[in-house]
Amino acid sequence: MLRLVSLKLGRLYRYVKLAVLGSLAAALVLNTHSLLASLQRNELSGRRFLQLNKCPACWGTSWCRKFLNGQLRLESWGRLRLLDFFNVKNVYFARYGEPREGSRRVVLKRLGSAQELADIDTKICRRATGRGRCDLLQALPATEFASLNGDVRLLTPGAVEGWSDLVHCPSQRLLDRLVRRYAETKDSGSFLLRNLKDSERMQLLITLAFNPEPLVLQSFPSDEGWPFAKYLGACGRMVAVNYVGEELWSYFNAPWEKRVDLAWQLMEIAEQLTNNDFEFALYLLDVSFDNFAVGPRDGKVIIVDAENVLVADKRLIRQNKPENWDVWYESKFDDCDKEACLSFSKEILCARVTVDHNYYAICQNLLSRHATWRGTSGGLLHHPPAEIAKEGRLEALLDECANPKKRYGRFQAAKELREYLAQLSNNVR
């Protein structure tokens, strides 16, 4: 009986697959003329495709000259708008050319799905006019995104607290950093809002509220050693970041030595984001194989999706001394049936100086036997060599890091795991 059901389901899957392929083929034939035109046209130089008309309800304009001058071109199939149906995240790969530097690959992001972007417009219109559609340029001055225009001196915690993960519990020191390093203005370098144009202030606030990833990349730049992709610029509702390499998932079955090195780097990232000289703790609230990429030349692991990063100011926590501020916080293991599960309290992350969240997130979702992704299990360090498996130390450390049995066990396990992985890979960096 089960075999019969399996056969029927297999046939049904093949029929559905053939139907989808047939529909695509028909669409290609019916739209041959428009498809050929789209392959020849450089849509990245079009103001409509960039949604430049939405500004200042957009991400910025610092790279508009490069876009409009045709210095960026979508790669091959990315030029076919028919395939946008499958590109739910609105992420594109393109070539960027400079006369002296030649051509290089970049990643373009709209920072949200088509529906999410439409919801921004609806939200602005409803708050300003009570209607779902309106003239955005006329509506913006009546929203909270224009509340800091004029002679307002500083971006303060009370104005934006809770708008997104980045500013769930902002300190003045963090907000001054965001303004000072804001890349979508010609006069960056000052923490005073008065040095920004009104349109730039609105762009900053809208980015902060909708998807603060560009602000994370700007405030904690790769040039200073932070493990994030490099921010390049924006035009309308399209941002450009440096292409890092293939996503971490593509290394799931890489040689053991390579996987060990990648695992060591991931634990080093967890340590850097948790404990650094700046005393900002950057907690990764969304950790999966898709959120990291690996450089093809240097093999360096980089975070390529920084939308869900909560920043806690340890100096402020020590200063305010909330309840239990100096008690070490242990994240609770989340044994759920879904992929990339994490259990956390944003309020606690904002109120404790010593937190093991990043170690927990990396161990549970990427490295240990509890990690599941795209139908696989066992994590990045699956199937270790026989001698390492027999020794049992690696498995014990991974288990304690993901699901500790001792009090404060994860802190110690994470430290020992970093050292052990470095030893295994003979890493002396």
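Labelled according to an unreviewed UniProt entry, the protein chain appears under the name DIA1 protein, originating from Pheucticus melanocephalus. Check the Sequence similarities (unreviewed entry) section of the UniProt entry for the protein chain; it says "Belongs to the DIPK family."

On to the overall build of the protein chain. From N to C terminus, the protein chain includes 17 helices and 12 strands. Considering only intrachain contacts with a sequence separation of at least 6, the fraction spanning at least 24 residues in the protein chain is 68%. Total accessible area computed for the protein chain in this model is approximately 21,700 Å², and 52% of it derives from carbon and sulfur atoms.

Tracing the chain through its elements places Asp399 in helix H16 (residues 393-402). Residues Asp399 and Ser368, spaced 31 residues apart in sequence, show a C-alpha to C-alpha distance of 6.7 Å. Once you skip the residues sitting within four places of it in the chain, Asp399 turns out to touch Arg369, His370 and Pro404. Side-chain polar atoms of Asp399 contact the side chain of Arg369, separated by 2.9 Å.

Bringing H16 into the picture now. Of all 10 residues in H16, 7 are buried, a share of seventy percent or more. Taken residue by residue, H16 has Leu394, Leu397, Leu398, Asp399, Glu400, Cys401 and Ala402 as its buried positions. Packed against the buried residues of H16 are helix H11 (256-274), helix H14 (357-367), helix H15 (386-391) and helix H17 (409-424).

Judged by pairing direction, the sheet is antiparallel, and its 3 strands sit side by side in the order S6-S8-S9 without closing on themselves. At either margin of the open sheet sits one strand with a lone partner, and together these are strand S6 (246-247) and strand S9 (301-303). Pairing geometry for S6 and strand S8 (residues 292-294), over 2 bridges, is antiparallel. Within S8, the position partnered with Glu246 by the bridge is Val294. Contacts from H11 reach S8 and S9 within the one sheet, and its direction differs from that of S9 by about 45°.

It is worth spelling out the side chain of His382 at this point. Following the sequence through the fold, His382 ends up in the loop between strand S12 (376-377) and H15. Of the polar contacts made by the side chain of His382, one reaches the side chain of Asn253; its length is 3.5 Å. Apart from the residues within four sequence positions on either side, His382 is in contact with Phe252, Asn253, Trp256 and Arg259.

Below, the discussion takes up the packing of aromatic side chains. Summed over all chains, the structure comprises 15 aromatic pairs. Between Trp63 and Tyr96 the ring centres are 4.7 Å apart and the planes differ by 35°, which places this aromatic pair in the tilted class. Placement of Trp63 in the loop between helix H3 (47-50) and helix H4 (64-68) and of Tyr96 in strand S2 (residues 91-98) is noted, with a sequence separation of 33 residues between them. You can call Trp63 buried: its relative accessible area is 7%. For the pair Phe93 and Tyr243, a centre-to-centre distance of 6.0 Å together with 80° between the ring planes defines the contact as edge-to-face. Taken as a pair, Phe93 in strand S2 and Tyr243 in the loop between strand S5 (238-242) and S6 lie far apart in primary sequence, 150 residues in all. Of the residues examined, Phe93 reaches a relative accessible area of 36% and is grouped as partly exposed. Among the aromatic residues, ring-to-ring pairing joins Phe220, Trp226, Phe278 and Phe280 into one connected group. Of note, Arg110 hangs over the ring of Phe49, and the distance from its end group to the ring centre comes to 4.6 Å. One Lys or Arg, Arg177, reaches over the ring of Phe278 and ends 5.2 Å from the middle of that ring.

A word on the packing of H11 against H17. Taken N-terminus to C-terminus, the directions of H11 and H17 make an angle of 145°; their axes are 9 Å apart at the nearest point. Read as a crossing pair, H11 and H17 show a hand that is left-handed. For the pair formed by H11 and H17, the contact residues are Val260, Ala263, Trp264, Met267, Glu268 and Glu271 on the first element and Ala414, Leu417, Arg418, Leu421, Ala422 and Leu424 on the second. By residue class, the composition of the contact of H11 with H17 is 9 nonpolar, no polar and 3 charged.

On to the confidence of the model for the protein chain, then. Regions with low pLDDT carry predicted coordinates that are not meant to be interpreted in detail. This prediction gives the protein chain a mean pLDDT of 88; 87% of its residues lie at or above 70. In the model, residues 1-10 has pLDDT below 50 throughout and makes 0 contacts with residues more than four positions away in sequence or in other chains.

By the definition in use, this model includes 5 disulfides. Residue pairing for Cys169: its cysteine sulfur links by disulfide to Cys350, the two sulfurs lying 2.1 Å apart. Its S-S torsion of about -80° marks the bond between Cys169 and Cys350 as left-handed, since a negative value means left-handed. Remark: Cys350 occurs in the loop between helix H13 (346-349) and H14 and Cys169 occurs in the loop between helix H7 (157-160) and helix H8 (172-180); sequence separation between them is 181 residues. Judged on exposure class, the residue Cys169 and its partner Cys350 are both buried.

This model, assessed by the stated rule, comprises 19 salt bridges. Ionic pairing is found between Arg181 and Glu224, a salt bridge with its closest N-O pair at 2.9 Å. A residue pair is termed long-range when its members are at least 10 positions apart, and Arg181 in the loop between H8 and helix H9 (198-210) and Glu224 in the loop between helix H10 (213-219) and strand S4 (231-235) qualify at 43 residues. The class for Glu224 is partly exposed, based on a relative accessible area of 43%. With its nearest N and O atoms 2.5 Å apart, the salt bridge here joins Glu279 to Arg318. Note that Glu279 is positioned in the loop between H11 and strand S7 (280-284) and Arg318 in helix H12 (residues 314-320), a separation of 39 residues in sequence. Relative accessible area serves as the criterion here: at 24%, Glu279 is assigned to the partly exposed category. Overall, the relative accessible area of 34% leaves Arg318 in the partly exposed class.

On to the sheet that holds strand S3 (residues 102-109), then. Taken in spatial order, the 5 strands line up as S1-S2-S3-S5-S4 in an open sheet, and their pairing is antiparallel. Two strands close off the open sheet at either side, each with one partner strand: strand S1 (72-74) and S4. Recorded for the sheet is a direction-independent mean angle of 35° between the axes of neighbouring strands.

Basis of the calculations
Residues numbered from 1 in each chain as written. Predicted model: local features only at pLDDT ≥ 70, side-chain atom pairs only at ≥ 80, totals over all residues. Heavy atoms only, no water. UniProt positions renumbered as here; feature names shortened; annotations may be inferred. Helix = DSSP H or I, 4+ residues; strand = E, 2+ residues; numbered from the N terminus. Contact = heavy atoms within 4.5 Å. Areas by Shrake-Rupley, 256 points an atom, 1.4 Å probe, with all protein chains shown as cover. Polar contact = N/O pair within 3.5 Å; in protein donor to acceptor, adjacent residues only side chain to side chain. Buried < 20%, exposed > 50% of the residue type's maximum accessible area, 1.4 Å probe, protein only. Pairing = 2+ DSSP bridges. Axes fitted to C-alpha atoms, helices over the stretch in contact; angles between N-to-C directions. Phe/Tyr/Trp six-rings, centres within 6.5 Å; stacked < 30°, edge-to-face > 60°. Lys NZ or Arg CZ within 6 Å of the ring centre and 35° of its normal. Left-handed = near helix turned anticlockwise from the far one by under 90°. Nonpolar A, V, L, I, M, F, W, Y, C, P; charged D, E, K, R; others polar. pLDDT = per-residue confidence, 0-100. Disulfide = S-S within 2.5 Å. Salt bridge = Lys/Arg side-chain N within 4 Å of Asp/Glu carboxyl O.

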